[in-house]
Amino acid sequence: PQKIDVASVTKFLNLARAQKNIPETVREHYGLLDHHAGECTSCGACETRCPFGVSIIENMQQAADLFGK
């Protein structure tokens, strides 16, 4: 509903988690997204549609904390 590119946010979150420090390129690519994890309203619509059982709301919260938006 918030038009967040969940796959891209999750990809950048996983790339950032894999490093000791967030690579600047990852931070820049995340920043270029039209919508960021901080816009997530935790409605859960994406989780009910996810065929992989990913905890998307949790990932959005972590990404917002990590990237600051």
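Look above for the structure.
Residues numbered from 1 in each chain as written. Predicted model: local features only at pLDDT ≥ 70, side-chain atom pairs only at ≥ 80, totals over all residues. Heavy atoms only, no water.

(A) Region of interest: the overall build of the chain. Along the backbone of the chain there are four helices and zero strands. Ordering the α and β elements of the chain from the N terminus gives α-α-α-α. By the compact-globule yardstick of 11 Å for 69 residues, the chain fits well, its C-alpha radius of gyration being 11 Å. Seen along its three principal axes, the alpha-carbon backbone of the chain occupies a region of about 30 × 20 × 15 Å. Looking at the 69 residues of the chain, the share that counts as buried comes to 32%. Within the chain, contacts between residues separated by at least 24 positions form 66% of all contacts whose residues are at least 6 apart in sequence. Counting every atom, the chain has about 4500 Å² of accessible surface; 51% of that belongs to carbon and sulfur. Averaging the coordinates of the 7 positive side-chain charges in the chain and doing the same for the 8 negative ones gives two points 3 Å apart. (Helix = DSSP H or I, 4+ residues; strand = E, 2+ residues; numbered from the N terminus. Rg over C-alpha atoms; globule rule 2.2 N^0.38 Å. Buried < 20%, exposed > 50% of the residue type's maximum accessible area, 1.4 Å probe, protein only. Contact = heavy atoms within 4.5 Å. Areas by Shrake-Rupley, 256 points an atom, 1.4 Å probe, with all protein chains shown as cover. Lys, Arg positive; Asp, Glu negative; His and termini not counted. Charge placed at Lys NZ, Arg CZ, Asp CG, Glu CD.)

(B) Focus on the environment of Glu 24. Within the secondary structure, Glu 24 is located in helix α2 (residues 24-31). Assessed through its relative accessible area of 48%, Glu 24 is described here as partly exposed. In this structure the C-alpha to C-alpha distance between Glu 24 and Lys 11, which are 13 residues apart in sequence, comes to 15 Å.

(C) Quick look at helix α1 (residues 6-17). Over its twelve residues, α1 runs 16 Å from end to end, which matches the ideal 16 Å to within 8%, given 1.5 Å per residue. Among the residues of α1, Ser 8, Val 9, Thr 10, Phe 12, Leu 13 and Ala 16 are the ones counted as buried. As for α1, its buried residues are in contact with α2 and α4 (56-67). (Expected span 1.5 Å × (residues − 1).)

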